Amino acid sequence: MSQKQLDLVQLPEYEMEKAYEAVLQKIAQHYAYESDVRKNARQEQQKHIREAMVKGYEEMSQINLTICSECLHVEYEAEHVTGRMW
């Protein structure tokens, strides 16, 4: 320790309580802010996932329609063949 002496300051108890409450309030505000940030990030992520799923379903609907259209004649032919067999 250097040659300078540190003087301890003793605050009255009510001042200590006020300071303690102020620190607790700042900590609570910090955690509330972090919680809001995480909540917003989670909502944004859910929004992106939903948009991707909607896009995927739209793309698959077109693929399914194409497959159905291309295979429809095969199904008619199968009905015709099985109809002749009975």
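Residues numbered from 1 in each chain as written. Predicted model: local features only at pLDDT ≥ 70, side-chain atom pairs only at ≥ 80, totals over all residues. Heavy atoms only, no water.

An unreviewed UniProt entry lists the protein chain under the name CopG family transcriptional regulator, with Kurthia populi given as the organism.

1. A short note on the overall build of the protein chain
Per the secondary structure count, the protein chain includes one helix and zero strands. A burial count over the protein chain gives 0% of its 86 residues as buried. Entry remark: accessible area of the protein chain is about 8900 Å², with carbon and sulfur atoms responsible for 58%. (Helix = DSSP H or I, 4+ residues; strand = E, 2+ residues; numbered from the N terminus. Buried < 20%, exposed > 50% of the residue type's maximum accessible area, 1.4 Å probe, protein only. Areas by Shrake-Rupley, 256 points an atom, 1.4 Å probe, with all protein chains shown as cover.)

2. Quick look at the pattern of salt bridges
All chains considered together, the criterion is met by two salt bridges. Between Glu15 and Lys18 there is a salt bridge, with the nearest N and O atoms lying 3.8 Å from each other. On the criterion of helical spacing, the pair formed by Glu15 and Lys18 is a turn pair, its members being three residues apart in helix H1 (residues 13-85). Across the salt bridge formed by Arg38 and Glu34, the nearest N and O atoms sit 3.6 Å from each other. With Arg38 and Glu34 both in helix H1, this residue pair falls four residues apart, about one helical turn. When its relative accessible area of 48% is taken as the criterion, Arg38 is described as partly exposed. (Salt bridge = Lys/Arg side-chain N within 4 Å of Asp/Glu carboxyl O.)

3. Points about H1
Over its 73 residues, H1 runs 101 Å from end to end, which matches the ideal 108 Å to within 8%, given 1.5 Å per residue. The sharpest bend along H1 measures roughly 40° and falls at Cys71. (Expected span 1.5 Å × (residues − 1). Bend = angle between axes of the 7 residues up to and from the residue.)

4. Here's the deal with the state of the cysteines
Taken as a whole, this structure holds zero disulfides when the rule is applied. The thiol sulfur of Cys68 is not disulfide-bonded, and the nearest other cysteine sulfur, from Cys71, lies at 7.9 Å. Exposure remark for Cys71: the relative accessible area of 42% places this residue in the partly exposed category. (Disulfide = S-S within 2.5 Å.)

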